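Remarks on the overall topology
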Amino acid sequence: MAKIRQQGANTVEYERISSDPFTLTLEKVAVTNAENDTLFFIPDRTGQLVAFPCNKCHTKALSRMVTRDPLAKKAHWDIRLNHVTGEELACTTCHSRDNVEYLTLINNKQIDYNKSQQVCAQCHATQNKDWLGGAHGKTLGGWAPPRVSATCVNCHNPHTPALEARWPARLNTVKIQELDPK
Amino acid sequence: MFFNRKKKQNKKKISPAPLAGSAKSNSCQQPGDGFDQVINKPLNRRSAVKGLTAGLLTGAGLLNSACSLTSGEAGKGLASLKWEEYFKGNYQLMTPEEKEATVKRLEKMYELANGGKIKISAKGAVKDVLYGYAFNISKCRGYMDCINACIEENNQDRNSQMQYIRIHEFKKGQMNFELADDNFYHQVPAAGHFYLGTQCFHCENPPCVNVCPVKATWKEKDGIVVIDYDWCIGCRYCQAACPYDGRRFNWSAPHVPENELTKDQHYLGNRLRKKGVMEKCTFCIQRSRNGANPACVEACPTGARIFGNLLDPNSTIRWVLENKKVFRLKEDLGTEPKFWYFMD
């Protein structure tokens, strides 16, 4: 039970400020930062995936779905793996070969979709360290505690993780006119 | 009278948040609101004649419009509100009640003039908070989503395309601002280039505040450097004093389309400015004092912008300062900006 504040007692009132109101509608999952033993939140992933749980369509484990037939029908024909330049990665590098509902680490340990950052961290250790501390990635909600941060897959599509080049969102036409008055 | 008012303000030492009651008892120090500072000031013959003449001139004009037969009920209200606004004091000297009153007047004036309703806040600094900002130059890709968000949130003039944030494009290998391209016009990120954004750095030792002749700009307790738009005389000394190009001047009356107006406003933040006053980034004071991130931080698609409380040891900004190699611009000037740059 929380302590009941006695009226008239010699207590200092601090104004509490929280970023909770900005993330009320967001389903959250807790993440522990072992480095300084703090807790923060990331958005729930499984609720966001359209085709989750996978057993809505798939009844077999991934290892039994592999085929060498180039003309065989693909369940995810629209997904193209463009992650790392060569041929190092395959579906089963990240997706569990034994259970379609899980991701996997390289030691075959099954990982929940809500903890996908652990899969990324195997290779991207420095980025993971920066992300846990708060130097990499975005804060959702606000600056005030509790911290709610975007996780890896909220910004990077794991199949095509690079951000694309594009035109800037705006151009200051006054300045462009000043430079080139024609 | 106009000149007289500002001149007096300059000479007087500004004491933080004086009580309204003390204004009458201590006439030589003269705290209190604009009414006390202007109307109830001790008079000698010289200032009395000067004040009377100027007062009659302005008063006659305002009264004329207020009592005109042709103007309706709404016009009358607007004129008397304008009259009260004209004689209000420096925001720093206002009591909480006076702050509330001026905010209510401004809301009402907007409603009478434009029909729509706005909400202006006079919320003070949150206790135990000092705002700090970090910018990752390895992550910024020059998309400029931050600038768009800033313009919308802070009701900046659309005609002059005023922007608080500038994104500079540098060729990798050097960081000379004279060689940077601030008006790049191509797909980003360009190969072999990096991007760095500047805005007001909210210095701990702000040179812009020291030069203001009317004390219309100051540093708040949470470290945000703010401007009282109604006290600013538009001399632009602060713009000249700022070593970072952080301040902007309204050469013409700012224009914001009604449907694009951000209606959640703050007296020291994004409320509508007028012609001839300074403005700049306020770390979105109307958002940050409620616990939200500034609009630029929220809009950044790359996560290059990090904002937080420097006094909270568990905040992300503190982690960046403690674990990354950070630098600030023109550190040799001793301005102590609360805006750090870092690389991955």
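Fair warning: this is a prediction, and the values are worked out from it, not measured in the lab. (Residues numbered from 1 in each chain as written. Chains lettered and ligands numbered in written order. Predicted model: local features only at pLDDT ≥ 70, side-chain atom pairs only at ≥ 80, totals over all residues. Heavy atoms only, no water.)

**Points about the overall build of chain A**
Spelled out, the test is: Numbered from the N terminus, helices here are DSSP runs of H or I no shorter than four residues, and strands are runs of E no shorter than two. Using C-alpha atoms as the atom set, the radius of gyration is obtained and then compared with a globule rule of 2.2 Å times the number of residues to the power 0.38. When a residue's accessible area, from a 1.4 Å probe over protein chains only, is under 20% of the maximum for its type it is buried; when over 50% it is exposed; and in between it is partly exposed. For this analysis, residues touch if any pair of their heavy atoms sits within 4.5 Å. In short, Shrake-Rupley with a 1.4 Å probe defines the accessible areas, and a residue's cover is counted only from the protein chains shown. Counting rule for charge: Lys and Arg are taken as positive, Asp and Glu as negative, and neither His nor the chain ends is counted. By convention, the point assigned to a charge is CZ for Arg, NZ for Lys, CD for Glu and CG for Asp.
Within chain A, the secondary structure is distributed over 5 helices and 6 strands. Each helix and strand of chain A, ordered N terminal to C terminal, gives the series β-β-α-β-β-α-α-β-β-α-α. Its C-alpha atoms give chain A a radius of gyration of 23 Å, more than 25% over the compact-globule value 16 Å for 182 residues. With the principal axes as the frame, chain A shows a C-alpha extent of 80 × 70 × 30 Å. The buried share among the 182 residues of chain A stands at 29%. Considering only intrachain contacts with a sequence separation of at least 6, the fraction spanning at least 24 residues in chain A is 49%. Of the roughly 13100 Å² that chain A leaves accessible, carbon and sulfur atoms contribute 54%. Taking the 22 positively charged and 18 negatively charged side chains of chain A as two groups, their mean positions are separated by 3 Å.

**Section: helix α7 (residues 145-154) of chain B**
Structural remark: α-helix, 3.6 residues per turn; residues separated by three or four positions point the same way. Residue and element names in this part refer to chain B. The buried fraction of α7 amounts to 8 of the 10 residues, a majority that puts the element mostly inside the structure. Listed in full, the buried residues belonging to α7 are Asp145, Cys146, Ile147, Ala149, Cys150, Ile151, Glu153 and Asn154. Looking at the buried positions of α7, the neighbouring elements they touch are β3 (166-171), α10 (285-288), α11 (295-299) and β10 (305-309). At the C-terminal side of α7, Asn155 shows a positive phi close to 55°.

**A few points about the packing of aromatic side chains**
In this description, a pair of aromatic rings is defined by centroid distance and the angle of the planes. Going by this rule: Pairing of aromatic rings covers Phe, Tyr and Trp, the last through its six-membered ring, and needs centres within 6.5 Å; plane angles under 30 degrees mean stacked, over 60 mean edge-to-face, and all others mean tilted. We call a charge positioned over a ring when the NZ of a Lys or the CZ of an Arg lies within 6 Å of the ring centre and within 35 degrees of the ring normal.
Tallied over the entire structure, the rule returns 23 aromatic pairs over all chains. Between Phe201 of chain B and Tyr341 of chain B, the aromatic rings sit 6.2 Å apart at their centres with planes inclined by 80°, giving edge-to-face as the arrangement. Of the two residues, Phe201 of chain B is situated in the loop between β4 (193-198) and α8 (207-211) and Tyr341 of chain B in strand β12 (residues 339-342); the sequence distance between them amounts to 140 residues. Residue classification places Tyr341 of chain B among the buried residues on the basis of a relative accessible area of 0%. For the pair Phe249 of chain B and Trp251 of chain B, a centre-to-centre distance of 4.9 Å together with 85° between the ring planes defines the contact as edge-to-face. With relative accessibility at 59%, the residue Trp251 of chain B sits in the exposed group. Ring pairs connect the aromatic residues Trp143 of chain A together with Tyr131, Tyr133, Phe135, Phe201, Tyr244, Phe283, Phe307, Phe327, Phe339 and Tyr341 of chain B, which therefore count as one cluster. Cation over ring: Arg166 of chain A sits above Tyr143 of chain B, and NZ or CZ is 4.0 Å from the ring centre. Geometry around Tyr267 of chain B places Arg271 of chain B over its ring, the cationic atom sitting 3.9 Å from the centre.

**Structural notes on the nonpolar core**
All names here are of chain B. Condition: In these notes, a set of buried Ala, Val, Leu, Ile, Met, Phe, Trp, Tyr and Cys residues joined through side-chain atoms within 4.5 Å is what counts as a nonpolar core.
The biggest cluster of nonpolar side chains holds 58 residues, and the ones touching the most others in it are Tyr131, Ile167, Tyr267, Phe283 and Tyr341. When contributions to this core are tallied by element, the ones reaching two or more residues are α6 (96-114), β2 (131-136), α7, β3, β4, α11 and β12. Discounting residues that sit within four places of it in the chain, Tyr341 has contacts with Phe135, Ile137, Leu196, Gly197, Thr198, Phe201, Lys325, Val326, Phe327 and Leu329. Val214, Ile227, Tyr229 and Val277 belong to the second-largest nonpolar core, a separate cluster that totals 13 residues.

**Points about the confidence of the model for chain A**
Quick reminder of the rule: Confidence scores per residue from the predictor, reported as pLDDT, run from 0 to 100.
Overall, the predicted model of chain A reaches an average pLDDT of 85, with 91% of residues at or above 70. Between residues 1-14 of chain A, whose pLDDT stays under 50, and residues either more than four places distant or in other chains, the model counts 6 contacts.

**Description of the confidence of the model for chain B**
Put simply, chain B has an average pLDDT of 85, and 78% of its residues get 70 or more. Scoring of the predicted complex yields 0.82 for pTM and 0.86 for ipTM.

**Some points on the pairing of β12 of chain B**
Two faces, one strand: in a regular strand the side chains alternate between the faces of the sheet. Residues and elements named next belong to chain B. Heads up, the condition is: When DSSP finds two or more bridges between a pair of strands, those strands are recorded as paired.
Both faces of β12 are covered, namely the face carrying Phe339 and Tyr341 and the face carrying Trp340 and Phe342. Where β2 meets β12, 4 bridges bridge the pair, whose relative direction is parallel. The residue bridging Tyr133 from the neighbouring strand is Phe339, located in β12. Note that strand β11 (residues 326-327) and β12 share 2 bridges and pair antiparallel. Within β12, the residue paired with Val326 across the bridge is Phe342.

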